Amino acid sequence: MAKNLVIVESPAKAKTIKKFLGGSYEVVASNGHVRDLPKSQLGVDVDHGFEPKYITIRGKGELVSQLKKECKKVDRVYLATDPDREGEAISWHLFHVLNLPRETTKRITFNEITKDAVKKSLKQARDIDQDLVNAQQARRILDRIVGYEISPVLWKKVRKGLSAGRVQSAALKLLCDRENEIQDFVQEEFWTIEGKFIKKKARGSLLAKLSKVHQEKAQIADEQQANGLIERIRQAGDFRVK
């Protein structure tokens, strides 16, 4: 009987990894997520710390029961779901839905399906990274809150079947704010003055823009004001770099 159980996401991965590990390991697949927020309701308690309500995904009940039986046959369980936030969350959900003991349950990750990578991951087994799990939960909860609150507005104002998400909704808000700024913009005439200075002791020239007039920022509203300043500048005499 195998003493260790490895749970991956994909059945194809399970077959390959089983060949690497030999008879003391059994490898099974969760087929992705086993728990999620319910589809028929918000599933997030916004009044109590945005606590999520998870349920076993419809159609996964039999698989969960089978995984529980497999876990009871072994001494140690390795959760080997994908090495990202989503994979970390799947391992966390498996840990809870299968009622796994913390002391005999470990998390392993590998970025390639090779014998060396898989065996190395077993030597580096660790606990579930709760920070990664929380990051995925925050993303999922935000998806749900935004989707459930905004999608019905789209159905009423635009058409049925459209959905709103945490990314496109925020991006649309930014676009709308920017468009409002453009529409509210009032055009104002302004002029700039530049002077081309020929260097006396070196070749070439220096182009400089009028920045201040009597220590105040140069704000030139029309052509008449610009011509007046140009005449004053021409009469100023010598110029120097400061």
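Residues numbered from 1 in each chain as written. Predicted model: local features only at pLDDT ≥ 70, side-chain atom pairs only at ≥ 80, totals over all residues. Heavy atoms only, no water.

A.B. asks: Describe the overall build of the protein chain, and please don't skip the residues or the numbers.
C.D. replies: Of regular secondary structure, the protein chain possesses seven helices and twelve strands. Computed over the C-alpha atoms, the radius of gyration of the protein chain is 33 Å, more than 25% above the 18 Å expected from 2.2 N^0.38 for a compact globule of 242 residues. C-alpha extents for the protein chain along the principal axes are approximately 100 × 55 × 30 Å. Counting across all 242 residues of the protein chain, residues that qualify as buried make up 31%. In the structure as shown, the protein chain presents an accessible area of about 17300 Å², 51% of it carried by carbon and sulfur atoms. Within the protein chain, the 33 negative side-chain charges are centred at a point lying 6 Å from the centre of the 46 positive side-chain charges. (Helix = DSSP H or I, 4+ residues; strand = E, 2+ residues; numbered from the N terminus. Rg over C-alpha atoms; globule rule 2.2 N^0.38 Å. Buried < 20%, exposed > 50% of the residue type's maximum accessible area, 1.4 Å probe, protein only. Areas by Shrake-Rupley, 256 points an atom, 1.4 Å probe, with all protein chains shown as cover. Lys, Arg positive; Asp, Glu negative; His and termini not counted. Charge placed at Lys NZ, Arg CZ, Asp CG, Glu CD.)

A.B. asks: Got a sec to walk through helix H3 (residues 85-97)? Specific residues and values, please.
C.D. replies: Along an α-helix, residues three or four apart share an orientation, since each turn contains 3.6 residues. End to end, H3 covers 18 Å across 13 residues, agreeing with the expected 18 Å (1.5 Å per residue, within 8%). For H3, the tally of buried residues reaches ten of 13 residues, placing the bulk of the element in the interior. Residues of H3 that are buried: Gly 87, Glu 88, Ala 89, Ile 90, Ser 91, Trp 92, His 93, Leu 94, Phe 95 and Val 97. The N-terminus of H3 is capped by Asp 84, whose side-chain oxygen sits 3.3 Å from the backbone nitrogen of Glu 86. Asn 99 sits one or two positions beyond H3 and adopts a positive phi of about 55°. (Expected span 1.5 Å × (residues − 1). Polar contact = N/O pair within 3.5 Å; in protein donor to acceptor, adjacent residues only side chain to side chain.)

A.B. asks: If you had to explain the sheet that holds strand S2 (residues 25-29) to someone new, which residues and values would you point to?
C.D. replies: Pairing within the open sheet is parallel, and its four strands lie in the order S2-S1-S7-S8. Of all the strands in the sheet, just S2 and strand S8 (105-107) have a single pairing partner and so form its edges. Strand-to-strand twist of the sheet, defined as the mean angle between neighbouring strand axes without regard to direction, takes the value 20°. Relative to S2, strand S1 (residues 4-8) is paired through five bridges, and the arrangement is parallel. Bridge assignment links Asn 4 to a residue of S2, and that residue is Tyr 25. Sitting on the sheet, helix H1 (residues 11-21) is in contact with S1 and S2, with an inclination near 170° to S2. Of the strands in this sheet, S1, strand S7 (76-79) and S8 touch H3, which is tilted by about 175° from S8. (Pairing = 2+ DSSP bridges. Axes fitted to C-alpha atoms, helices over the stretch in contact; angles between N-to-C directions. Contact = heavy atoms within 4.5 Å.)

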